[in-house]
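Topology and contacts: notes
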Amino acid sequence: VQFVESGGGLVQSGGSLRLSCVASGFTFSSYNMKWYRQAPGKERESVAAITSTGGTTNYADSMKGRFTISRDNDKNTVDLQMNRLKPEDTAVYYCAAAKSLHDIVVGTPEYWGQGTQVTVSP
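Below is a short write-up of the structure.

Quick notes on the rules
- Residues numbered from 1 in each chain as written.
- Predicted model: local features only at pLDDT ≥ 70, side-chain atom pairs only at ≥ 80, totals over all residues.
- Heavy atoms only, no water.
- Pairing = 2+ DSSP bridges.
- Helix = DSSP H or I, 4+ residues; strand = E, 2+ residues; numbered from the N terminus.
- Axes fitted to C-alpha atoms, helices over the stretch in contact; angles between N-to-C directions.
- Patch = residues over 30% accessible without salt bridge, like charges linked within 9 Å, V, L, I, M, F, W, Y side chains within 5 Å.
- Areas by Shrake-Rupley, 256 points an atom, 1.4 Å probe, with all protein chains shown as cover.
- Salt bridge = Lys/Arg side-chain N within 4 Å of Asp/Glu carboxyl O.
- Core = buried A, V, L, I, M, F, W, Y, C linked by side-chain atoms within 4.5 Å.
- Buried < 20%, exposed > 50% of the residue type's maximum accessible area, 1.4 Å probe, protein only.

**Overview of the pairing of strand β5 (residues 45-50)**
- As paired elements, strand β4 (residues 32-38) and β5 share five bridges and run antiparallel to each other. Looking at the pairing, Arg37 lines up with Glu45 of β5.
- Remark: six residues form the turn of the hairpin made by β4 and β5, two consecutive strands paired antiparallel; Gly41 in that turn has positive phi of roughly 75 degrees.
- Two elements, β5 and strand β6 (residues 57-59), share three bridges in a ladder whose sense is antiparallel. Bridged to Ile50 within β6 is Thr57.
- Once β5 ends, the chain turns through six residues before running back antiparallel as β6, passing Gly54 with a positive phi of about 85 degrees.

In structure tokens:
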């Protein structure tokens with residue numbers, strides 16, 4: 001199993017970034033996907049999730065209206081469009097895959113990417 005995450009970087013407050021995660025080594029279309037993030041000294045937190053078909057999405061409250069998760073099962077990719085970024089969005093962002101809805105919502109996904117750094121300057 002491999003994930004290649006890209007799109008992170010440095011952006012000014014109010015700016016936008018689009019993260020992409022390309023997956024391989026498992027049946028991507030059968031897995032629910034999620035983006036997490038972890039800021040220095042803080043616990044990992046959920047950002048956004050999407051079901052295997054892409055039919056349902058879910059966002060953490062602080063991301064609603066600013067972030068959009070999407071997937072392309074033909075390309076084995078899951079993206080996170082982040083708009084109106086704030087300094088508090090600074091973190092390492094990880095994509096993850098889980099077969100069960102339970103694991104993607106409240107459990108621990110089976111597969112994890114290496115993360116991509118997002119830094120938002122004031």
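Right, picking up where we left off after that structure.
**Some details on the sheet that holds strand β1 (residues 2-6)**
- Here we have four strands laid out as an open sheet, ordered β1-β3-β8-β7, and antiparallel in their pairing. Pairing within the sheet leaves two strands with one partner each, and these edge strands are β1 and β7 (67-72). On average, each strand axis in the sheet is tilted by 15 degrees relative to the strand beside it, whichever way the strands run.
- In this structure, β1 lies alongside strand β3 (residues 17-24), joined through five bridges in antiparallel fashion. Residue pairing for β3: Phe3 is matched across the bridge by Ala23.

**Overview of the environment of Thr27**
- If you trace the backbone, Thr27 turns up in the loop between β3 and β4.
- In sequence terms Thr27 and Gln2 are 25 residues apart; their C-alpha atoms lie 12 Å from each other.

**What about a nonpolar patch on the surface?**
- Together, Leu101, Val105 and Val106 give the surface a local cluster of nonpolar side chains, amounting to about 300 Å² of exposed area.
- Within the fold, Val106 resides in the loop between α1 (101-105) and β10 (111-112).

**Concerning the nonpolar core**
- Grouped together as the largest cluster of nonpolar side chains are 29 residues, with contacts concentrated most on Trp35, Phe67, Val78, Leu80, Met82 and Tyr93.
- Mapped by element, the contributors of at least two residues to this core are β3, β4, β5, β7, β8 (77-82), β9 (91-98) and β11 (116-121).

**Looking at the pairing of β9**
- Among the eight residues in β9, seven count as buried, and that is most of the element.
- The pairing of β4 with β9 spans seven bridges and is antiparallel. Note on β9: the bridge partner recorded for Tyr36 is Tyr94.
- Across two bridges, β9 lies against β10 in antiparallel orientation. Pairing of Ala96 across the sheet is with Trp112, part of β10.

Treat this as a map of the structure, not an account of what it does.
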